[in-house]
Amino acid sequence: MSEEKSLNFLEEIIEKDIETGKHGGRVLTRFPPEPNGYLHIGHAKSICLNFGLAQQYGGKTNLRFDDTNPSTEEVEYVNSIKMDVNWLGFQWDQELYSSDYFEQLYSFAVILIQKDLAYVDDSTAEEIAATKGSPTEPGIPTIYRSRSIEENLKLFEEMRSGKYPDGAKVLRAKIDLASPNMHLRDPLLYRIKHVAHHRTGSDWCIYPMYDFAHGQSDAIEEITHSICTLEFIPHRPLYDWFIDQLAIFPSHQYEFARLNMTYTIMSKRKLLQLVNEGHVTSWDDPRMPTISGLRRRGYTPKSIRHFCELIGVAKRENNIDMGLLEYCIREDLNKSAWRRMAVLDPIKLIITNYPEGQEELLQGENNPEVEDGDGSRSIPFSKELWIERDDFMENPPKKFFRLGIGLMVRLKSAYIVKCEDFVKDKNGNICEIKCSYIPESKSGHDTSGIHVKGTIHWVSVPHAQTAEVRLYDRLFQVEDPSSEEGDFKEYINPNSLQIVKPAYIEPDLMNAPSGKNYQFIRKGYFVLDKESTPQHLIFNRTVTLKDTWAKLSTNH
RNA sequence: UGCCCGAUAGUAUAAAGGUAGUACAACUGGUUUUGGUCCAGUUUGUCUAGGUUCGAAUCCUGGUCGGGCAACCA
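What counts as what
Residues numbered from 1 in each chain as written. Chains lettered and ligands numbered in written order. Predicted model: local features only at pLDDT ≥ 70, side-chain atom pairs only at ≥ 80, totals over all residues. Heavy atoms only, no water. Helix = DSSP H or I, 4+ residues; strand = E, 2+ residues; numbered from the N terminus. Rg over C-alpha atoms; globule rule 2.2 N^0.38 Å. Buried < 20%, exposed > 50% of the residue type's maximum accessible area, 1.4 Å probe, protein only. Contact = heavy atoms within 4.5 Å. Areas by Shrake-Rupley, 256 points an atom, 1.4 Å probe, with all protein chains shown as cover. Expected span 1.5 Å × (residues − 1). Phe/Tyr/Trp six-rings, centres within 6.5 Å; stacked < 30°, edge-to-face > 60°. Lys NZ or Arg CZ within 6 Å of the ring centre and 35° of its normal.

1. With respect to the overall build of chain A
Thinking step 1. Along chain A, the regular secondary structure elements total 13 helices and 25 strands.
Thinking step 2. Relative to the 2.2 N^0.38 estimate, which gives 24 Å for 556 residues, the radius of gyration of chain A is 31 Å and therefore markedly larger than a compact globule would have.
Thinking step 3. Across its three principal directions, the C-alpha atoms of chain A cover 100 × 55 × 45 Å.
Thinking step 4. Among the 556 residues that make up chain A, the fraction classed as buried is 53%.
Thinking step 5. The long-range fraction of contacts in chain A, counting pairs at least 24 apart against all pairs at least 6 apart in sequence, stands at 70%.
Thinking step 6. When the accessible surface of chain A is split by element, carbon and sulfur atoms take 49% of a total near 25,400 Å².

Given below as structure tokens:
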């Protein structure tokens, strides 16, 4: 181990376990999603942790679907989860399902019954809740708690054989109805559900509860470090109890704080609501914090992995600044994304002294961060250009390094121009800007000796192509939507999507392959959307560039 | 009112009884054919009250604050 890097608490535990030879120094983790929804950035944290720790210590990680509740689970979710884990860059050792262990779990339950540690209870859900007591009052036994082992064995078998309807009976552990830990007050082990399962079909009509499936699945796989989130801390004594009573492999559960992030939500239930009620278009809507949403938005696996590394792992509640995620994608894309020019809010600029009908092909480097510019592309230039409307001001303030009467700017990769005049339409809106250019200032061959403060991007009018550009912003207007008063949906940002149609793009962008990230110079990072076609290009904005000018001008 | 977790700059995360450090954010300046990047620098912190100790973010006790637990969900 390097002496420099400090360890998080899980790394410390694992290093100690390796040192003391626990499990023969073996490390086996698991990522255990329930296939009842799409993975989000919070799952990414767990994935990076489980797979990352195993990698770090020469171990392996299983992908295990925690599919014990057939009413909510679907194959569609299984597939999306596998896709997302792979996309993030991780390979699991074995693909497993809790449902693979149904037979084994059933025999575990039989063992508990034989040890008089489990019983069949005919009470209704309400009766069971009522007899559990409260945190300050002990629970009381139902009349079924004293059934004989033989009767329990028989009834449990009948439950399995389908003799009883949903809700008629449950199997409960016999532990301690007075325990200060509510999870130990005779928790449910099995419930009857005449529901088809996405893998086992109609083989079963009783299904194990989470607590009776998870730890035992860990034990069956001989997981050495079972890592989950904080809310499972009170379950740990139960987890250990089953392992003790069944005398199976002693997996151990460790808990860390789940990820929260500003301006978004992380609850699957709430995300599902956003989809179902049409606040977003789908699970992979680029505004969603889902892995698939981030992918469609233009985030790279590398940037997400880096993010998970930076946020760290600890046991205290956290609310990570969305800005950190944005920093991670900017940092990645700055080094890799090719630069292109696109004008999103166009106004025409006419170069009065450039010959009518003349055009030339200029060269622009793909990425100034890379040696040799990572190659270059040709950019057609002509007398009429599109530029951004806000790159001109009729009455420019001090320190406005763009266009205004008498001001000069560099047209990126082209010439320096000086603004001479502008034209207004009959409504008084500026519709045209007139400039003269300095022929000796051509990019790369500048002999003019003139230095200007500002450089702006542009697209030649006769060569411009068009595209739809979708500008995404944060989904919520407040940092922590779920802690605000009222319904979280009241805080949705009404301007989270702004559609620019058409935007003018330089011709080279017509060749953009799907999934390739670009930087539109001065505007941000963009990627082709999956709905894009060659006839109708659609770009998604991943993130803006940092904009200190915008900050300055809004602050004053 | 019971049990269980937690508390270090704005946000995260280190410091294992001995200099409170790092990243992001913010701010200043420099470089720059992107008001981007890059570089240099600045500001901001141990929840509280006691105790142990030569010395406490760290150990002990009390308090405060935040979170979790009483689903036939996971």
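The rest of the description comes next.
2. Some remarks on helix H2 (residues 41-56)
Thinking step 1. Helix length check: H2 (16 residues) gives 21 Å between terminal C-alpha atoms against 22 Å at 1.5 Å per residue, within 8%.
Thinking step 2. Directly beyond the C-terminal end of H2, a positive phi value near 65 degrees is found at Gly 58.

3. Structural notes on helix H9 (residues 268-276)
Thinking step 1. Of the positions making up H9, those classed as buried are Lys 270, Leu 271, Gln 273, Leu 274 and Val 275.
Thinking step 2. Gly 278 lies just past H9 and shows a positive phi near 75 degrees.

4. Some thoughts on the side chain of Asp 186
Thinking step 1. As for its position among the elements, Asp 186 is in the loop between strand S5 (170-173) and strand S6 (188-192).
Thinking step 2. Beyond its immediate stretch of four places on either side in the chain, Asp 186 contacts Tyr 119, Lys 132, Arg 145, Arg 172, Ala 173, Lys 174, Ile 175, Asp 176 and Leu 177.

5. Remarks on the packing of aromatic side chains
Thinking step 1. Considering all chains together, one arrives at 24 aromatic pairs under this definition.
Thinking step 2. One aromatic cluster is present, built from ring pairs that chain together Phe 102, Tyr 106, Phe 156, Tyr 190, Trp 204, Tyr 207, Phe 212, Trp 241 and Phe 242.
Thinking step 3. The ring of Tyr 97 carries the charged tip of Arg 199 above its face, separated from the ring centre by 3.5 Å.
Thinking step 4. Over the face of the ring belonging to Tyr 263 we find Arg 474, whose NZ or CZ atom lies 3.7 Å from the ring centre.

Interpretation note: all reported values are geometric properties and have no functional meaning in isolation.
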